[in-house]
Amino acid sequence: APELAKSLTTGGRSWVKNWTVFDNSYYTDMNKNDPEVIYLSTDKVLMTDPSFKPITEKFAADQAAFFASYAKAHKKLSELGSKFDPADGITGV
């Protein structure tokens, strides 16, 4: 993808500038077009799609709301567990 060109780190670019901190900067920094971070078309649509834009704006303005939504989703995903296909997982990669 053209967005991955000129990566500034060995593993590629991050979606946020300070990738070792868990916060809402993904949402607050979206409009900055920082060349050191990566934004794919699927990220950019969050700012314009009528269904996603209100959520994106809410999470940018209110880190506590982002944390609360993240915690709820993380808990739900953790409780549902994982189902692998094939049952033994992907091997030999």
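Heads up: the structure comes first, above all this text.
Sequence order as written defines residue numbering, which begins from 1 separately in each chain. This being a predicted model, a pLDDT of at least 70 is required before a residue's local features are given, and a value of 80 or more before pairs of side-chain atoms are given or counted; all residues contribute to the totals for chains, interfaces and linings. For side-chain calculations, the full set of non-hydrogen atoms in the structure is used, while hydrogens and water are omitted.

J.: Could you give an account of a nonpolar patch on the surface, naming the residues involved and the relevant values?
T.: Residues Phe-22, Phe-67 and Tyr-70 make up a contiguous nonpolar surface patch of about 280 Å² in total accessible area. Think of it this way: any DSSP run of H or I at least four residues long counts as a helix, any run of E at least two long counts as a strand, and we number them from the N terminus. Here Phe-22 lies in the segment before α1 (25-28). Residues enter patches when their relative accessible area tops 30% and they take part in no salt bridge; the joining distance is 9 Å for like charges and 5 Å for the nonpolar side chains Val, Leu, Ile, Met, Phe, Trp and Tyr. Each accessible area is a Shrake-Rupley result for a 1.4 Å probe, and residues are judged covered by the shown protein chains and nothing else. A pairing counts as a salt bridge when a side-chain nitrogen of Lys or Arg comes within 4 Å of a carboxyl oxygen of Asp or Glu.

J.: I'd love a proper account of the environment of Val-37, names of residues and values included.
T.: When you line up the elements, Val-37 lands in the loop between α1 and α2 (41-44). Note on contacts: a residue pair is in contact if any heavy atoms of the two residues lie within 4.5 Å. Residue contacts for Val-37: discarding those within four places in its chain leaves Arg-13, Ser-14, Trp-15, Val-16 and Lys-17.

J.: Can you lay out the pattern of salt bridges for me, pointing to particular residues and giving the numbers?
T.: Side chains bearing opposite charge may pair, as long as their charged atoms lie close to each other. This model, assessed by the stated rule, comprises five salt bridges. Of the charged contacts in the structure, one is a salt bridge between Lys-17 and Glu-36, with a shortest N-O distance of 3.4 Å. Of this pair, Lys-17 sits in the segment before α1 while Glu-36 sits in the loop between α1 and α2, and the two are 19 residues apart along the sequence. The shortest N-O distance in the salt bridge between Lys-32 and Asp-29 comes to 3.0 Å.

J.: Give a detailed account of the packing of aromatic side chains, specifying residues and quantitative values.
T.: Here a Phe, Tyr or Trp ring, Trp counted by its six-membered ring, pairs with any other such ring whose centre lies within 6.5 Å, and the pair is stacked when the planes are under 30 degrees apart, edge-to-face when over 60, and tilted otherwise. Inspection of the entire model under this criterion finds nine aromatic pairs. Ring centres of Phe-22 and Phe-66 lie 5.6 Å apart, and the angle between their planes is 35°; this geometry places the pair in the tilted category. Of this pair, Phe-22 sits in the segment before α1 while Phe-66 sits in helix α4 (residues 63-80), and the two are 44 residues apart along the sequence. For each residue, the accessible area found with a 1.4 Å probe, counting protein chains only, is set against the maximum for its type, and the residue is called buried under 20%, exposed over 50%, and partly exposed in between. For Phe-22, a relative accessible area of 46% gives the class partly exposed. Members of the aromatic cluster, connected to one another through ring pairs, are Phe-22, Tyr-26, Tyr-27, Phe-59, Phe-66, Phe-67 and Tyr-70.

J.: Could you give an account of the packing of helix α3 (residues 53-61) against α4, naming the residues involved and the relevant values?
T.: Relative placement of two packed helices is described by the angle separating their axes and the distance separating the axes. The axes are straight lines fitted to the C-alpha atoms, using for helices just the contacting stretch, and the angles between their N-to-C directions are given from 0 to 180°. Running from N to C, α3 and α4 cross one another at 115°; their axes reach a closest spacing of 5 Å. Residues Lys-58, Phe-59 and Ala-61 of α3 form the contact with α4, whose own contacting residues are Gln-63, Ala-65, Phe-66 and Ser-69.

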